[in-house]
Amino acid sequence: MSDAQERVTIAVIDDDEAARHSIGQMLRLRGWSVEVFSSAEAALAWPGLRHAMCIVTDVKMPGMDGEEFLAHVTALEGAPPVVMITGHGDIAMAVRCLKAGAFDFAEKPFDDDVLIAYVGKAVEQARLRREATDLRRRLTLFSPGEDGRFGMVGRSRAMQDVYAQVEAAARADAPVLVFGETGVGKELVARAIHAQSPRSRGPFVPVNAGALPETMLESELFGHARGAYTDAREERDGKLVAASGGTLLLDEIETISPRAQVQLLRVLDDGVVQPLGSDTPRTVNIRLLCSSNVDLEAEVRRGAIREDFYHRIMVLSLRVPALRERTEDIPLLVAHFMRRAADRAGLPVPALPEEALAEMIHHPWPGNVRELKNAVERMVITARSGTTGGFSPDLHADGERLLSLPPGAGRLRVEMERVERAVIEAALRENHGEINATWEVLGISRRALYERMKKYGLDRQSFKG
């Protein structure tokens, strides 16, 4: 049993002793701690109820029934998710209870795996809600020193390793290759190395080599004399001279030409810069940092990178992890970017729904931290009534807008509703009426699915089999 499972307590409420015992035993066998109660009143009297990670309750019980119990639970601060079980369920009651705050329904008789799946997802939602509570606290108390170092945000093991490597690289004066996927924050890491180094009082000069043509890059790096080429109307110092006494960062190092690589080798070996069209060399004192999102060894094998240049810039190397490798840092990053985006826009920091945070934590983030930053900024700018909308990948967001046409949309609305009903029916049929699997496939919320099923008169039972 894992430590995470040992901390999870499920409350089970059923007036039927046999059902109570059976459900409790089933959940315990999956590694969860279980507290059982014969009535809703007894469960409400339990001091630990609000700290449970999930409540499983029957609907039809003597005294206080499940719906009345649900109203009491949802009034609690940090209310646990409630899974309701009943043999008398119907769509109308399901919609009513879901609107009142129920997590899901399990209809009797149910397979053990169905209830286990519902409880597992409810427990995950409870964890995410608690992270969201912590996130809201950080929105008001956030301090870079609390949740990161060197201007970077993250407390994960992966980021702790990055911080340690930044410290080690800062103590040296050798070239460093910072590598990782697009959007992970390679320049931020390079700036941290410079800021912690003895060169921190000197300039930090970043150059995006991939954004410049070969001839322009050489002029940008090494400078040029007047008349060195057609548009060289005056003498110009290059970035190497500008970075003297400090640090030069060359981003997309794989894009520089073999000729520029030879010239850079000379700078690294003896500190001499030869401006284009000039016979007078310049002496510089720089530290070179390079960054790349490609496999440089493969570039060496195909001849794009000189082997001697590769080994010269690879004295030290530091890999920046992808965001999907440190998902525990996402709430901290969201808090940080929300505060910054709100400050820039002159807006108060909006509230973030727990469901939106849950989707952000599970999103794969192919664009890494850069993609997250942009997504948060959009959510802050488009927030309404002090709360952001839900987070969705673009395709889902467009789909939701199409499925939520305003009244009076005429022929377009009719056609969209026809398509919507057909899509929902197909998803229900494919998943044999299983609600959780259906709303996940459709990319809409559970509540939205139930409301649309009610709207179109769809009964999940007719799709089973």
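The rules behind the values
- Residues numbered from 1 in each chain as written.
- Predicted model: local features only at pLDDT ≥ 70, side-chain atom pairs only at ≥ 80, totals over all residues.
- Heavy atoms only, no water.
- Core = buried A, V, L, I, M, F, W, Y, C linked by side-chain atoms within 4.5 Å.
- Buried < 20%, exposed > 50% of the residue type's maximum accessible area, 1.4 Å probe, protein only.
- Helix = DSSP H or I, 4+ residues; strand = E, 2+ residues; numbered from the N terminus.
- pLDDT = per-residue confidence, 0-100.
- Contact = heavy atoms within 4.5 Å.
- Salt bridge = Lys/Arg side-chain N within 4 Å of Asp/Glu carboxyl O.
- Pairing = 2+ DSSP bridges.
- Axes fitted to C-alpha atoms, helices over the stretch in contact; angles between N-to-C directions.
- Expected span 1.5 Å × (residues − 1).
- Arc of directions from axis to C-beta.
- 1 Å grid on protein atoms, 1.4 Å probe; cavity = no way out; pocket = protein on both sides within 12 Å on 5 of 7 lines; lining within 4 Å.
- Points joined across faces, edges and corners; volume = space filled by probe spheres on them.
- Nonpolar A, V, L, I, M, F, W, Y, C, P; charged D, E, K, R; others polar.
- Right-handed = clockwise from strand over helix to strand, strands pointing away.
- Phe/Tyr/Trp six-rings, centres within 6.5 Å; stacked < 30°, edge-to-face > 60°.

A. Molecular detail of the nonpolar core. One finds Ile55, Phe69, Met84 and Phe105 to be the most contacted residues of the largest nonpolar core, which totals 36 residues. For this core, the secondary-structure elements that each account for two or more residues are β1 (9–13), α3 (40–45), α4 (66–74), β4 (82–86), α5 (91–100), α19 (410–430), α20 (435–442) and α21 (446–456). Core analysis: the second largest hydrophobic core is formed by 30 residues, Leu177, Leu217, Leu240 and Ala243 among them.

B. Summary view of the confidence of the model for the chain. Residues with a pLDDT of 70 or more make up 86% of the chain, whose mean pLDDT is 83. Between residues 1–6, whose pLDDT stays under 50, and residues either more than four places distant or in other chains, the model counts six contacts. Taken together, the stretch residues 394–409 has pLDDT below 50 and engages in 15 contacts with residues farther than four places along the chain or on a different chain.

C. The arrangement of the pattern of salt bridges in detail. The tally for this structure, following the rule as stated, stands at 18 salt bridges. Across the pair arginine 312 and aspartate 269 runs a salt bridge whose closest N-O atoms are separated by 3.3 Å. Pair noted here: arginine 312 is in helix α14 (residues 307–313) and aspartate 269 is in helix α12 (residues 258–270), with a separation of 43 residues, a long-range link. You can call arginine 312 partly exposed: its relative accessible area is 25%. On the accessibility criterion, aspartate 269 (56% relative accessible area) is exposed. Of the charged contacts in the structure, one is a salt bridge between aspartate 329 and arginine 326, with a shortest N-O distance of 3.0 Å. For the pair formed by aspartate 329 and arginine 326, the shared burial category is buried.

D. Geometry of the sheet that holds strand β3 (residues 54–58). Pairing in this open sheet of five strands is parallel, and the strands run β2-β1-β3-β4-β5 from one edge to the other. What marks the edges here is a single partner per strand, and that holds for β2 (33–37) and β5 (104–107). Across the sheet, the mean angle separating the axes of adjacent strands is 20° when strand polarity is ignored. Alignment of β1 against β3, held across four bridges, turns out to be parallel. Considered in β3, the bridge of isoleucine 10 is made with cysteine 54. Contacts from α4 reach β1, β3 and β4 within the one sheet, and its direction differs from that of β4 by about 175°.

E. Spotlight on the side chain of threonine 388. By the secondary structure assignment, threonine 388 is in the loop between α17 (368–381) and α18 (394–402). For threonine 388, the residues in contact, after removing those within four places along its chain, are Met338, Pro350, Ala351, Leu352, Pro353, Met379 and Ala383.

F. Up close: α17. For α17, with 14 residues, the first-to-last C-alpha span of 20 Å sits near the 20 Å given by 1.5 Å per residue. Burial in α17 covers these residues: Asn368, Val369, Leu372, Ala375, Val376, Met379 and Val380. Taken around the axis of α17, the buried residues stretch over an arc of 135°, which confines them to a single face. Next to the buried residues of α17 lie α15 (330–345) and α16 (354–362).

G. Structural context of the environment of glutamine 274. Within the fold, glutamine 274 resides in the loop between β11 (272–273) and β12 (282–283). On the basis of relative accessible area, glutamine 274 is assigned to the partly exposed category, the value being 26%. As a C-alpha pair, glutamine 274 and glutamine 263 span eleven residues in sequence and 8.0 Å in three-dimensional space. Ignoring sequence-local partners within four residues, the contact set of glutamine 274 consists of Phe222, Arg266, Asp279, Thr280 and Pro281.

H. Local environment of the layout of surface pockets. When its volume is computed, the second largest pocket comes out at roughly 650 Å³. Taken together, 30 residues line the second largest pocket, and the ones lying closest to its centre are Val184, Gly185, Lys186, Glu187 and Leu188. Secondary structure elements with two or more residues in the lining of the second largest pocket: β7 (152–153), α9 (186–196), β10 (247–251), β13 (287–292), α15 and α17. The element best represented in the lining of the second largest pocket is α9, accounting for five residues. Across the lining of the second largest pocket, the residue classes break down as eleven nonpolar, nine polar and ten charged.

I. Examining the pairing of β1 more closely. Of all five residues that make up β1, five are buried, and the element is covered over most of its length. Residues of β1 alternate between two faces, with Thr9, Ala11 and Ile13 on one and Ile10 and Val12 on the opposite face, all of them buried. Examined bridge by bridge, β1 and β2 share five bridges and lie parallel to one another. Within the sheet, the bridge partner assigned to isoleucine 10 lies in β2 and is valine 34. What joins β1 to β2 is helix α2 (residues 17–29), and the crossover it makes is right-handed.

J. Spatial organisation of unusual backbone geometry. The phi dihedral of serine 385 is positive, around 55°, even though this residue is not glycine. Here serine 385 lies in the loop between α17 and α18. Of note in this structure, histidine 432 is not a glycine but carries a positive phi near 55°. With respect to the helices, strands and loops of the structure, histidine 432 is situated in the loop between α19 and α20.

K. Focus on the environment of valine 36. With respect to the helices, strands and loops of the structure, valine 36 is situated in strand β2. Given the relative accessible area of 36%, valine 36 is considered partly exposed. For valine 36 and threonine 57, which are 21 residues apart along the polypeptide, the C-alpha to C-alpha distance reads 9.9 Å. Sequence-distant contacts of valine 36, defined by excluding residues within four places in its chain, comprise Val12, Arg20 and Arg28.

L. Representation of the packing of aromatic side chains in the model. Using the criterion set out here, one finds two aromatic pairs in the structure. Ring geometry for phenylalanine 37 against tryptophan 46: centres 5.4 Å apart, planes inclined by 40°, an arrangement best described as tilted. Residue classification places phenylalanine 37 among the buried positions, given a relative accessible area of 10%. Taking the centre distance of 6.0 Å and the plane angle of 85° together, the rings of phenylalanine 150 and tyrosine 163 count as edge-to-face. Of this pair, phenylalanine 150 sits in the loop between β6 (148–149) and β7 while tyrosine 163 sits in helix α8 (residues 157–171); the two residues are 13 residues apart in sequence, bridging distant segments of the chain. Among the residues examined, tyrosine 163 registers a relative accessible area of 1% and is labelled buried.

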